[in-house]
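# Residue-level structure breakdown
One-letter residues, chain by chain:
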Amino acid sequence: MEELISVIIPVYNVEPYLDRCMKSILNQTYKNLEIILVDDKSIDRSNEMCLEYKIDPRVIVVHGQNAGLSGARNSGLDIARGKYVVFIDSDDYVEISMIENLYNCMKKTSADTVIGGFKRAIGNHVEVRKNRFAGKVYDNSDDIKNLVLKKMLASNGVDHIEMSVWKILFSMDIIQDNHLRFPDKKYLCEDIIFDFDYYPLAKKVAMSDDTGYCYCLNGESLSQMYQKDKFDRITFQVSEMRTLAKEIGFDEEAFLRIENFYIGNLIHHMKTMVACINKVGKAECKVEIKNICSSDDVRHSNWKGLDKCFNGRDKIPFELMRDNKVCLLYLYLRLLTIVRDVVRK
């Protein structure tokens, strides 16, 4: 008899994508699933669609309280009955053998947690992100801490494990016995905070070569992606990550990875903001960039150590941040936006 696996899917205004996601789950080759849809007070047809999927007896619909991604996942965990659990975002989809592949890896290795790779889809372009550590099994607390969790913080210029909770088969015993839940929505990245709680409790983590999770960038407008308070949220997130890293007893490399997370997210924030200049305003963009570059945390970053972590498209903004060249950084980001718009036309 196959063991029950819970699939938790937060749903919020995903009418164009929900059917694609659900078909990929309902048709999984692993059949003993408990599929929990948590509708977080959608204002489109998502809630109605969720109810229609109840024609399959494996589907359970929960009505959330507009508590965000973390709150929706927690609502699912509160009622989940599976031996294991996988989290899937409703605007993504999975290949039909993904859950079976992760489960078979778990049984073969006697692991309590299995981490796969994934695919990154932008329109018709699909990029495969293999788990470069596929085939490895970590079965002591130090290895799980230093060779798994630490690598999830960000790259050190050499290696990195994607920290997102999708593409992973988790032990429900670890989650429920230790009352683990996702943090509230004040965090920029709830997943890594959950990871800090979960992995120190794991006994055996296996790396799978499966790449069946399809993470989709669905053309959300940059104006929707821009968040006025994102600088503060990034700073808060990094402060919490540093505190948790100290509690775990991480080494200096872990803190370098956290600094990479910090600077990398700030660069992304500034790119998004400048791309939305018609909404944000030229003056506000310049003020925000100045505030970021002159902040104490940024100025005291380990720039020498971080140099090996940045290359390609982020190398120039990294160097301009490092040198506190606010005007040049703004002009460079404006140029990137103009070139991107021309190419898209």
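Details of the structure are given in the entry above.
Scope of this entry: the structure provided in the associated data block. Just so it is clear, the model here is predicted, and its values are computed rather than measured.

Across its full length, the protein carries 16 helices and twelve strands. Computed over the C-alpha atoms, the radius of gyration of the protein is 21 Å, within 12% of the 20 Å expected from 2.2 N^0.38 for a compact globule of 345 residues. When its C-alpha atoms are laid out on the principal axes, the protein stretches across 65 × 45 × 35 Å. The buried share of the protein, taken over its 345 residues, is 52%.

Right, let's get into the sheet that holds strand S5 (residues 93–94). A sheet is described by the order of its strands in space; here four strands give the open sequence S5-S12-S7-S8, paired in mixed fashion. Of all strands in the sheet, those bounded by a partner on one side alone are S5 and strand S8 (125–129). Summarising the sheet, strand S7 (residues 118–122) and S8 pair through five bridges and their orientation is antiparallel. Paired with Phe118 across the bridge in S8 is Arg129.

What follows deals with the packing of helix H9 (residues 230–248) against helix H10 (residues 252–275). Between H9 and H10, whose axes approach to 10 Å, the crossing angle comes to 170 degrees. With respect to H10, the element H9 is oriented roughly antiparallel. Across from Lys230, Phe231, Ile234, Thr235, Gln237, Val238, Met241, Arg242, Ala245 and Lys246 in H9, the residues of H10 making contact are Phe255, Ile258, Glu259, Phe261, Tyr262, Asn265, Leu266, His268 and His269. Partitioned by chemical class, the residues of the contact of H9 with H10 number ten nonpolar, five polar and four charged.

Along the chain, Val326 falls in helix H16 (residues 326–344). In the structure, Val326 is positioned 287 residues away from Asp39 in sequence and 43 Å away in space, judged by C-alpha atoms.

The strand order across the open sheet formed by eight strands is S3-S2-S1-S4-S10-S6-S11-S9, and the pairing between neighbours is mixed. Only two strands of the sheet have a single partner each, and these edge strands are strand S3 (59–63) and strand S9 (137–138). Pairing of strand S2 (residues 33–39) with S3 involves five bridges; the strand directions are parallel. Residue pairing in the sheet places Ile35 in a bridge with Val59 of S3.

The biggest cluster of nonpolar side chains holds 80 residues, and the ones touching the most others in it are Phe170, Tyr199, Ile289 and Met321. With twelve residues, the single largest contributor to this core is H10. Excluding residues that lie within four positions of it along the chain, Ile289 makes contacts with Met270, Met273, Val274, Val326, Leu329, Tyr330 and Leu333. Ile9, Val86, Phe118 and Trp166 belong to the second-largest nonpolar core, a separate cluster that totals 36 residues.

With 24 residues, H10 ought to run about 34 Å at 1.5 Å a step, and its terminal C-alpha atoms sit 35 Å apart, in line with that. Taken across its 24 residues, H10 has 18 buried, putting it largely inside the fold. Put simply, Asp251 is the residue that caps the front of H10, since its side-chain oxygen is 3.2 Å from the backbone nitrogen of Glu253.

Glancing now at the packing of aromatic side chains. By the definition in use, this model includes 17 aromatic pairs. Plain terms: the ring middles of Phe194 and Tyr198 are 6.0 Å apart, the flat faces sit at 15 degrees to each other, and that makes the pair stacked. With Phe194 and Tyr198 both in helix H7 (residues 190–198) and four residues apart, the pair spans about one turn of that helix. In this pair, the class of Phe194 matches that of Tyr198, namely buried. Linked through ring pairs, Phe87, Phe170, Phe182, Phe194, Tyr198 and Tyr199 together constitute an aromatic cluster. Positioned above the aromatic ring of Phe182 is the side chain of Arg73, whose terminal nitrogen or guanidinium carbon lies 4.9 Å from the ring centre. For the cation-ring pair, Arg242 lies above Tyr262, with the distance from its terminal atom to the ring centre recorded as 5.9 Å.

This part is about the pattern of salt bridges. Applying the stated criterion across every chain yields a total of 22 salt bridges. With a closest N to O distance of 2.7 Å, Glu127 and Arg129 form a salt bridge. According to the relative accessible area criterion, Glu127 is partly exposed, its value standing at 30%. For Arg129, a relative accessible area of 32% puts it in the partly exposed group. Within the structure, one salt-bridge network assembled from shared partners comprises Lys150, Lys151, Asp159, Asp251, Glu253 and Arg257.

This part is about the pairing of S7. The two faces of a sheet get side chains in turn, since along a regular strand they alternate between them. The turn linking S7 back onto S8 is made up of two residues, and Gly123 within it adopts a positive phi angle of 60 degrees. As paired elements, S7 and strand S12 (residues 213–217) share five bridges and run parallel to each other. Paired with Phe118 across the bridge in S12 is Tyr213.

Running from N to C, H7 and H9 cross one another at 10 degrees; their axes reach a closest spacing of 11 Å. Between H7 and H9, the angle falls in the class roughly parallel. In this structure, H7 contributes Ile192, Ile193 and Phe196 to the contact, and H9 contributes Gln237, Met241, Leu244, Ala245 and Ile248. Across the contact of H7 with H9, the residue classes tally to seven nonpolar, one polar and no charged.

So, how was this worked out
Residues numbered from 1 in each chain as written. Predicted model: local features only at pLDDT ≥ 70, side-chain atom pairs only at ≥ 80, totals over all residues. Heavy atoms only, no water. Helix = DSSP H or I, 4+ residues; strand = E, 2+ residues; numbered from the N terminus. Rg over C-alpha atoms; globule rule 2.2 N^0.38 Å. Buried < 20%, exposed > 50% of the residue type's maximum accessible area, 1.4 Å probe, protein only. Pairing = 2+ DSSP bridges. Axes fitted to C-alpha atoms, helices over the stretch in contact; angles between N-to-C directions. Parallel < 35°, antiparallel > 145°, perpendicular 65-115°, else oblique. Contact = heavy atoms within 4.5 Å. Nonpolar A, V, L, I, M, F, W, Y, C, P; charged D, E, K, R; others polar. Core = buried A, V, L, I, M, F, W, Y, C linked by side-chain atoms within 4.5 Å. Expected span 1.5 Å × (residues − 1). Polar contact = N/O pair within 3.5 Å; in protein donor to acceptor, adjacent residues only side chain to side chain. Phe/Tyr/Trp six-rings, centres within 6.5 Å; stacked < 30°, edge-to-face > 60°. Lys NZ or Arg CZ within 6 Å of the ring centre and 35° of its normal. Salt bridge = Lys/Arg side-chain N within 4 Å of Asp/Glu carboxyl O.

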